[in-house]
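Report on the structure
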Amino acid sequence: MTTTERAAASHLLPSAEPLGLIAADGGPVPDPALELPDGEVLLRLYQGMVAGRRFDTQATALTKQGRLAVYPSARGQEAAEIGGILALRPQDWLFPTYRDSMAVVARGVDPVEVLTLLRGDWHCGYDPYHANVAPQCTPLATNTLHAVGFAHAARIKGEDSVSLVLLGDGATSEGDTHEALNFAAVWQAPVVFLVQNNGYAISVPLAKQTAAPSLAHKGIGYGMPSVLVDGNDAAAVHAVVEQAVARAAAGEGPTLIEAVTYRVESHTNADDATRYRDRAEVEQWLARDPIARLKQYLTDRGLLDDARQQQIDARAEAEAATLRERMNVDTELDPAELFRHVYAEPTAALRQQAAELTAELTTGDQA
Amino acid sequence: MTAIAEPVSTAPDLDTLTMAGALNRALADALTEDERVLVFGEDVGTLGGVFRVTDGLAARFGEARVFDTPLAEAGIVGTAIGMAMNGLRPVVEMQFDAFAYPAFEQITSHLAKLRNRTHGRVELPIVIRIPYGGGIGGVEHHCDSSEVYYTHTAGLRVVTPSSPADAYALLRQAIDCPDPVIFLEPKRRYWEKETARLDHHGSTLDRAVVRRPGTDLTLISYGGALGTTLEAAEAAQEEGYSAEVIDLRSLSPFDLDTVAASVRRTGRAVVVHEASRFCGYGAEVAAQLSETCFHYLEAPVLRVAGFDIPYPAPNLEQHHLPGIDRILDAIERLQWDDSAAAAGGGA
Ligand SMILES: Cc1ncc(C[n+]2csc(CCOP(=O)(O)OP(=O)(O)O)c2C)c(N)n1
């Protein structure tokens, strides 16, 4: 590319308005720029979102019962969480954050394993190689670089695998995000960045986070195509992620997607969102609920009837009940585990410290 | 200085190499033997690194395996983590000690912890090579002794060679190691030559070695300061002290057994390093020796270290770096008269 061609690379820019397929009232978006997923996929998206929300409410309830140390809810973000995941192929990888438990569950990881960390254990709970899901990442934006490295390695090894990394609007301000976008574009790595712009980073609104016209606009600076999508429209999120995954798999490089959505709950159960935002704002977003709109769309087209709805609800309810039951069992903790996975083999110093702790616990028992 | 004197079955030929050359050879041999090994960083491709440690590797092994990255240290370490998760064995270069700091979060929160955070399921066999320390007339931010930032972090191994043959052995073993290794290269020793056999089968990554046997006291050092310490031991000999010199090689884990065995024999110890004294590596060595060898000690363990100041400008660095005289002074201060009295000798 010449300098002029590069400078004129406006095809990399996102649309002025978020792309959508299904409007907030459940009606079709006129002249959509995307292809609507077929009915089967739409139903899976719907079912996944219902199950995701039920999982989310159950997890929040578990914090109140003292069974979880903390839980960051993704309520209201189901379209972005589930739409993105269901667009992945089995061989693809997911690099989630702390907020994305529901996405990890949707990817096929046992929900009890997913909640292991939040329950108060020190490790992520699941085997990342089982469902191709990296540990949920707490240090903001650091997972973006892991995703790029992983994707680049897949390419070096000649494997057809795309990495999808999730990050929040706040995380786009972190240096690692910018390094990751740059590395991904320079390497043309098969990676998809899905930014869930839920309006807030804890208490800080987007306006204090960036002066960019949109978060998706950040892609052009790195030479990366960017997409702005209605993050409460599961069909649209699915369509754009599927497209981006296909591009990446075809060797055409990374894509940056901004899904505009809203965090309905507080940052975590420990946060109090009334300190920094009005109820009216929340109400506005509740009217754009991702589940209600897809339900409307499916019902209007005869794709969802009462029987099917009941089936979906019953399944989500049963999963939540099982989760509740399994989370209500006290776990056996083995203090010796503390020393086991620091190095491939415990060092002499760690073996010594493990022995000290064991001795301490044995005397403690006797006392 | 001699190579690690352990017998090997197939003795390789003698080689005369600088440390930079030995490191280059180690990388080339690892790239040849294991196709999962990758080498990348800033200017390591076409240029061969600012210290030429990767000279010729990109041409020989191709740009897919030895390559320049964009200029971003967190990016280099963060992507290396992703690559290692996906089965590769990255060896990355930080251009200078102080320029590894942007990668600190990736190193401490992920590189060091992912094994633990995944219950042992994710292994990160990554080597981060960092040219470190002063003594080359470098300007600010190019001379830090940053070892304790890393040794304080559980999950990392930290090693530093002091000679070409050891650089070769340690780097080969670091690359083969299932744990992440911070590989600190004392840049003032890059161009010193040694004739030795390059071999990595006989030694292990986490052992200290006795570089010079002695009976009166133990000098404990590593990396760039080791050479100075050996010279000081030579000078001390002329003053009548027989100093044993231990090269730690591995800073984490710390080979207490080798060090304590020596100190129990000699009864006196001085730790020498160029990093600042306060909370420096010598503090840990002194503490462990006082905990484990108290009744063998004839004098407090002393530290000869850099001052507690930012690394000084080139025209003043000789005042900061521990030199032979400072080491000899410390040896003098090891309470020789008291012990002579205690032993019933002397006055
Ligand atoms: C490097 C880093 N700095 C600060 C924090 C503390 N923190 C946790 S979540 C959060 C807000 C993140 O906001 P955003 O990226 O928009 O994601 P969201 O929580 O809204 O999903 C902050 C500041 C952190 N986890 N990591």
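It should be noted that the structure appears before, not after, this text.
In this text, all values refer to a predicted model and were calculated from it rather than measured experimentally.

**Thoughts on the site of the ligand**
- Close to the ligand lie 16 residues; Tyr98(A), Arg99(A), Gly170(A), Ala171(A) and Tyr200(A) are nearest.
- The ligand sits at a junction of chains, with neighbouring residues supplied by chains A and B.
- The side chain of Asn198(A) places a nitrogen or oxygen atom 2.9 Å from an oxygen atom of the ligand.
- In isolation the ligand has 580 Å² of accessible area, and contact with the protein removes 74% of it.
- Of the residues contributing to the shell around the ligand, the split by class is seven nonpolar, five polar and four charged.

**Brief notes about the interface of chain B and chain A**
- In this complex, chain B contributes 41 residues to the contact, which on the side of chain A involves 40 residues.
- Across the chain B/chain A interface, buried area totals approximately 3,200 Å², and carbon plus sulfur atoms make up 63% of it.
- When residues of chain B are sorted by the area they lose upon contact with chain A, Met85(B), Asn86(B) and His119(B) head the list and together hold 20% of the total.
- Where chain B touches chain A, the interface holds zero salt bridges.

**Thoughts on a negative patch on the surface**
Residue and element names in this part refer to chain B.
- Taken together, the side chains of Glu 238, Glu 239, Asp 325, Asp 329 and Glu 332 make up a negatively charged region of the molecular surface.
- Broken down by element, the negative patch gets its largest block of residues, three residues, from helix α12 (residues 324–332).
- For Asp 329, the location among the structural elements is in helix α12.

**Some points on the sheet that holds strand β6 (residues 226–230) of chain A**
All names here are of chain A.
- Read across the open sheet, the five strands follow the order β1-β2-β3-β7-β6; overall the sheet is parallel. A single partner strand is all that each edge strand has here, and the edge strands are β1 (93–95) and β6. Mean inter-strand twist for the sheet, computed between neighbouring axes without regard to direction, equals 20°.
- Its contacts with the sheet place helix α9 (residues 175–187) against β2 (163–168), β3 (191–197) and β7 (255–260), and it is angled at close to 150° to β3.

**Describing the sheet that holds strand β2 (residues 37–41) of chain B**
Residues and elements named next belong to chain B.
- Pairing is mixed across the open sheet formed by seven strands, whose spatial order is β3-β2-β4-β5-β7-β6-β12. Among the strands making up the open sheet, the edge pair consists of β3 (66–68) and β12 (250–252). Taking the axes of each pair of neighbouring strands and ignoring which way they run, one obtains an average angle of 20° across the sheet.
- When strand β6 (residues 157–159) meets strand β7 (residues 181–186), the two strands line up parallel, connected through three bridges.

**Details of the environment of Arg115(B)**
- Along the chain, Arg115(B) turns up in helix α5 (residues 114–117).
- Between the alpha carbons of Arg115(B) and Asp179(B) there is a distance of 8.6 Å; along the sequence they are 64 residues apart.
- Setting aside anything within four residues of it in sequence, one finds Arg115(B) in contact with His341(A), Val342(A), Tyr343(A), Ala344(A), Gly120(B), Arg121(B), Val122(B), Glu123(B), Pro178(B) and Asp179(B).
- Within polar-contact distance, the side chain of Arg115(B) engages the side chain of Glu123(B) at 3.1 Å.
- A distance of 3.4 Å separates a polar atom in the side chain of Arg115(B) from a polar atom in the side chain of Asp179(B).

**Digging into the packing of aromatic side chains**
- All told, the structure shown has 21 aromatic pairs over all chains when counted by the stated rule.
- Pairing Phe55(A) with Tyr71(A) gives two aromatic rings, centres 6.4 Å apart and planes at 75°, and the pair type is edge-to-face. With Phe55(A) in helix α2 (residues 39–64) and Tyr71(A) in the loop between α2 and α3 (78–86), this residue pair connects regions lying 16 residues apart in the sequence. The residues Phe55(A) and Tyr71(A) share a single accessibility class, namely buried.
- An angle of 85° between the planes, with centres 5.9 Å apart, marks the rings of Phe96(B) and Phe99(B) as edge-to-face.
- Judged by its relative accessible area of 26%, Phe99(B) falls in the partly exposed class.
- Three or more aromatic residues link up through ring pairs in this structure, and these residues are Phe51(B), Phe96(B), Phe99(B), Tyr190(B) and Trp191(B).
- Here the basic side chain of Arg277(A) rests over the ring of Tyr200(A), its NZ or CZ set 5.3 Å away from the ring centre.
- The ring of Trp285(A) carries the charged tip of Arg288(A) above its face, separated from the ring centre by 5.1 Å.

Calculation criteria
Residues numbered from 1 in each chain as written. Chains lettered and ligands numbered in written order. Predicted model: local features only at pLDDT ≥ 70, side-chain atom pairs only at ≥ 80, totals over all residues. Heavy atoms only, no water. Near = heavy atom within 4 Å. Polar contact = N/O pair within 3.5 Å; in protein donor to acceptor, adjacent residues only side chain to side chain. Areas by Shrake-Rupley, 256 points an atom, 1.4 Å probe, with all protein chains shown as cover. Nonpolar A, V, L, I, M, F, W, Y, C, P; charged D, E, K, R; others polar. Contact = heavy atoms within 4.5 Å. Buried area = accessible area lost by both parts, 1.4 Å probe. Salt bridge = Lys/Arg side-chain N within 4 Å of Asp/Glu carboxyl O. Patch = residues over 30% accessible without salt bridge, like charges linked within 9 Å, V, L, I, M, F, W, Y side chains within 5 Å. Lys, Arg positive; Asp, Glu negative; His and termini not counted. Charge placed at Lys NZ, Arg CZ, Asp CG, Glu CD. Helix = DSSP H or I, 4+ residues; strand = E, 2+ residues; numbered from the N terminus. Pairing = 2+ DSSP bridges. Axes fitted to C-alpha atoms, helices over the stretch in contact; angles between N-to-C directions. Phe/Tyr/Trp six-rings, centres within 6.5 Å; stacked < 30°, edge-to-face > 60°. Buried < 20%, exposed > 50% of the residue type's maximum accessible area, 1.4 Å probe, protein only. Lys NZ or Arg CZ within 6 Å of the ring centre and 35° of its normal.

Remember, this is a structural readout, not a statement about activity or role.
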